[in-house]
Amino acid sequence: DTITTTSSLTKLFNPTDDHAALREMVRSFTEREIEPQALEYNRSETFNSSLFRKFGSHNGGLGILGLTAPEEFGGTGLPDATAVSIVHEELSYSDPALCLSYLAHSILLVNNLAVNANDEQLARFMPGICDGTKIGGMCMSEPNAGTDVLGMKSNAVYDADRDGFILNGTKMWITNGTITGKETGDLFLVYARTGTEKRSDITQFVVEGGMEGFSVGQKITDKLGMRASPTAELVFENVFLPAKTHVVGDVNGATLCMMRNLEIERVALAAMAIGIARRSLDEMIAYASNRPAFGKSNLYGFGQIQKHISESYAEYMAGKCYLYGMANGLDLSTYGNGLDADGVKLYCAQMAKNVADRAIQVMGGYGYCGEYTVERLWRDAKLLEIGGGTNESHHKNMARDLHKLDGNKLE
Amino acid sequence: MKKILVPVKRVIDYAQKIRVDPSKGAEGVQLKNVKMSMNPFCEIAVEEAIQLKEKTKAEVVAISVGPKQCTETIRTALAMGADRGIHVETKPDVRGDYINLQPWAIASLLKGIVEREDGVDLILLGKQSIDSDCGQTGPLLAGLLNAPQATFAAKIEAGDDGSFTVERETDAGTETIKLNSSVKPAVITCDLRLNTPRYPTMPNIMKAKKKKVETISLEDMVKELGLDLDEVLTPKNEVVEVYEPPPRKEGELVGSIDELLGKLKEKGLVA
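Residues numbered from 1 in each chain as written. Chains lettered and ligands numbered in written order. Predicted model: local features only at pLDDT ≥ 70, side-chain atom pairs only at ≥ 80, totals over all residues. Heavy atoms only, no water.

**Q** Honestly, the overall build of chain B in this entry has me stumped. Any pointers?
**A** Within chain B, the secondary structure is distributed over eight helices and eleven strands. For chain B, the spread of C-alpha atoms along the principal axes amounts to about 70 × 45 × 40 Å. Across chain B, every contact between residues at least 6 apart in sequence was considered, and the portion connecting residues at least 24 apart equals 71%. Carbon and sulfur atoms form 51% of the exposed surface of chain B, whose accessible area is close to 14500 Å². Seen as two clouds, the 38 positive and the 42 negative side-chain charges of chain B have centres 5 Å apart. (Helix = DSSP H or I, 4+ residues; strand = E, 2+ residues; numbered from the N terminus. Contact = heavy atoms within 4.5 Å. Areas by Shrake-Rupley, 256 points an atom, 1.4 Å probe, with all protein chains shown as cover. Lys, Arg positive; Asp, Glu negative; His and termini not counted. Charge placed at Lys NZ, Arg CZ, Asp CG, Glu CD.)

Below you can see the structure in the form of structure tokens.
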């Protein structure tokens, strides 16, 4: 309970004791171990992989990499969108970049496998990506195809003699694509075209680091934000993928895999936005309390400062309630809740950027400097309007979904 | 070793700014809508108990005396690895920060619980709580039980013979004490440098739900232990006044070393 949340909202954000305990644990870990390193890794554009591995279940780690994966395969067995939201919100309070790598791994890779893979694949791949020894992500976008997902050119051709697929292509903007900048990450889900009849003839494959023909094209540097999260262009040259073990779901059936994962991905990104907004608010509220001006001991008497702070708070709470209201009812094993998944990310991403911007404004010259955190949050927030679905893709999806009401009114 | 008891206290979170309402007199410290957490020294005690459990397979029982929300505190201990909990539930208006419950009452309750549990080898407590800062519950408990005790432990080694070798930090330096194995239980209070408490991992948070927590009202526990409720709830010491420390006064600027020495002499700070 805090002075700013009534207990009914506390229940919304932490529906059960387990959720409250999870939030407490992640918040504590973030404060002690993530906060102190965030600025440095942002400056050097390097990935703190040893800290990342502490999210795994090895060596007394937190055990949150496999949050939504089945217990029997090394996960935590909690397919719970609220828990996902809590972790992403809390991590992003200090280091959205590290959180982005966590998202790419735990949602884009682990959760996707948990929902779409068969038991043999789960037994083979899940333990390593849950315990922290293997780090990976998912490859969908290409240099020339982002929002137009089905415009992808990477292709996999079936070779009957070897009972496998030969994969060729390039993927772009891959989070965790490289860990050190030189070799690829350990495990990826890769979407590639396997048929030419329909645009949607796409298959999802598992590609392992070390496979012949799989390499890093380049580590992408000089990013505006999320600089401590490693982004790469990945190259596939005649990579051989055995059909029996490295095809996830049905051949030509990957759009189903995609659909099942997009909603939780958007929820996680929206949760990151909430963490960014909360931090920005804490910073501007504290700064305004301690800054003297015009003979007053703080800034709270000035109308523009009142406006920045109060509007930021209301927008943040609106987004937070939308997020948890939606996440609390989300069943990860189904899909079809796209409208609110798109909506919550569309709203929260822009909101976080605006709140971070107001924080910089309230903090003036200090807000403009790295040491004071909010400029990094502002730069990190911008990614949320692009990655995991551009604003424009949400517009497209949501308008289509609302058009389908077909004359009926909203609830 | 068979059984370790760890009393844990729910206190205002160490990072919170304490606010005092001057109109409330002795009860001025605001507890409403303030973040509460497990006392940091109790966390260290829980961690030590779990480490001992990992070596000896002892059962670890977490105990808390306080309002309904203490179940959260016990659950944190369970999520760190304790096996079960006992919650002595007080009425919501009973304060544990020295206003109502004080070390003597807690030590008396704990003595009764130790005997009720039977077969306790060790009681690990934090050296003090960060609200009352008494540091008395451990030593009082040891006195009531006639137990061997060591306070401010910075290192604990459990011997195969049931003895405990404790390095304790004092103002004069570190001393090593061996607690006699033939007298059980032993009482040890834990200091900052003893260990770094683990985070409750997610799988353990989920497992904690299934662990047993016995909740018993203070009234029922007092009755069961044959204590006097009035005795327990009437504090031995009365808090007379609570106030925020006065704000730091601005310093004085001096122009030279001589002037500095002059001022120091004037204020009687140097001869």
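**Q** Sorry, what's going on with the sheet that holds strand β11 (residues 213-217) of chain B here?
**A** Note on sheets: strands pair through backbone hydrogen bonds, and any given pair is parallel or antiparallel. Residue and element names in this part refer to chain B. An order of β9-β8-β7-β10-β6-β1-β4-β5-β11 is seen for the nine strands of this open sheet, with the pairing classed as mixed. The sheet terminates laterally at β9 (173-179) and β11, the two strands that pair on one side only. Each neighbouring strand pair of the sheet contributes to a mean axis angle of 30°, computed without reference to strand direction. Strand direction decides the pairing type here: strand β1 (residues 3-7) and strand β6 (residues 122-126), joined by two bridges, are parallel. Each bridged residue has a counterpart across the sheet, and for Ile4 the counterpart in β6 is Leu122. Relative to strand β10 (residues 186-190), helix α4 (residues 137-145) is tilted by about 175°, and along the sheet it contacts β6, β7 (149-158) and β10. Across the face of the sheet, helix α6 (residues 218-225) comes into contact with β5 (84-89) and β11 while running at roughly 85° to β11. (Pairing = 2+ DSSP bridges. Axes fitted to C-alpha atoms, helices over the stretch in contact; angles between N-to-C directions.)

**Q** Please explain the packing of aromatic side chains as it appears in this structure.
**A** Any two aromatic rings considered together are summarised by their centre-to-centre distance and by the angle between their planes. Under the defined criterion, the tally for this structure stands at 14 aromatic pairs over all chains. Here the aromatic rings of A:Phe29 and B:Tyr199 are separated by 5.0 Å at their centres, their planes lie at 70°, and the arrangement is edge-to-face. Of the two residues, A:Phe29 sits in helix α2 (residues 17-44) while B:Tyr199 sits in the loop between β10 and α5 (202-208), which places them in two different chains. The pair A:Phe29 / B:Tyr199 is uniform in exposure class, with both members buried. Ring centres of A:Phe55 and A:Tyr102 lie 5.5 Å apart, and the angle between their planes is 75°; on these two criteria the pair is classed as edge-to-face. Here A:Tyr102 lies in helix α5 (residues 96-116) and A:Phe55 lies in the loop between α3 (49-53) and α4 (81-92), a separation of 47 residues in the sequence. The exposure class of A:Phe55 is buried, given its relative accessible area of 0%. An aromatic cluster is defined as three or more aromatic residues linked by ring pairs; in this entry it consists of A:Phe29, A:Phe47, A:Phe52, A:Phe55, A:Tyr102 and B:Tyr199. A cation over a ring is seen here: A:Arg162 above A:Phe240, with NZ or CZ 4.0 Å from the ring centre. (Phe/Tyr/Trp six-rings, centres within 6.5 Å; stacked < 30°, edge-to-face > 60°. Buried < 20%, exposed > 50% of the residue type's maximum accessible area, 1.4 Å probe, protein only. Lys NZ or Arg CZ within 6 Å of the ring centre and 35° of its normal.)

**Q** Before we go on, may I ask you to explain unusual backbone geometry in this structure?
**A** Peptide bonds are mostly trans, and most non-glycine residues show a negative phi. All names here are of chain B. The omega torsion of the bond from Lys184 to Pro185 falls at -5°, within 30 degrees of zero and hence cis. Relative to the helices and strands, Pro185 is located in the loop between β9 and β10. For Asp118, which is not glycine, the phi dihedral falls at a positive 65°. Mapped onto the secondary structure, Asp118 falls in the loop between α3 (103-117) and β6. Of note in the backbone geometry, Asn146 takes a positive phi value of approximately 55° without being a glycine. Here Asn146 lies in the loop between α4 and β7. For Asn146, a relative accessible area of 66% translates into the label exposed.

**Q** Even after reading the chapter, I still don't get the interface of chain B and chain A, so can you show me in this structure?
**A** How big an interface is tends to be stated in terms of the accessible area lost upon association of its parts. Taken residue by residue, the interface counts 14 residues in chain B and 23 residues in chain A. Contact between chain B and chain A buries roughly 1600 Å² in total, counting both sides, with carbon and sulfur atoms accounting for 56%. The largest per-residue losses of area from chain B upon contact with chain A belong to B:Asn33, B:Tyr199 and B:Met202, which jointly make up 41% of the total buried on that side. Across the chain B-chain A interface, the total number found is three salt bridges. B:Lys35 serves as the salt-bridge partner of A:Glu24, at 3.5 Å between the closest nitrogen and oxygen. Looking at the side of chain B that touches chain A element by element, the count peaks at four residues for α5(B). When the residues that make up the side of chain B that touches chain A are grouped by side-chain class, the tally is eight nonpolar, two polar and four charged. (Buried area = accessible area lost by both parts, 1.4 Å probe. Salt bridge = Lys/Arg side-chain N within 4 Å of Asp/Glu carboxyl O. Nonpolar A, V, L, I, M, F, W, Y, C, P; charged D, E, K, R; others polar.)

**Q** Explanation requested: a nonpolar patch on the surface in the structure shown.
**A** Taken together, the side chains of A:Leu256, A:Met259 and A:Tyr335 make up a nonpolar region of the molecular surface, amounting to roughly 270 Å² of accessible area. Structurally, A:Met259 can be placed in helix α8 (residues 254-290). (Patch = residues over 30% accessible without salt bridge, like charges linked within 9 Å, V, L, I, M, F, W, Y side chains within 5 Å.)

**Q** Would you mind showing me how to read the nonpolar core here?
**A** One finds A:Phe55, A:Ile64, A:Leu113, A:Met126 and B:Leu124 to be the most contacted residues of the largest nonpolar core, which totals 137 residues. Apart from residues lying up to four places away in sequence, A:Ile64 is in contact with A:Leu22, A:Met25, A:Phe55, A:Val87, A:Tyr102 and B:Met202. By size, the runner-up hydrophobic cluster in this structure holds 28 residues, among which are B:Leu125, B:Leu141, B:Met221 and B:Val232. (Core = buried A, V, L, I, M, F, W, Y, C linked by side-chain atoms within 4.5 Å.)

**Q** When you look at the pairing of β6(B) in this model, what are you seeing that I'm missing?
**A** For a regular strand, the rule is simple: side chains alternate between the two faces of the sheet. Residues and elements named next belong to chain B. With five of five residues buried, β6 lies mostly within the body of the structure. As paired elements, β6 and β10 share five bridges and run parallel to each other. Among the inter-strand pairings, Gly126 is bridged to a residue of β10, identified as Cys190.

**Q** What am I meant to see in a negative patch on the surface here?
**A** Taken together, the side chains of A:Glu71, A:Glu72, A:Asp119 and A:Glu120 make up a negatively charged region of the molecular surface. The topology assignment puts A:Glu72 in the loop between α3 and α4.

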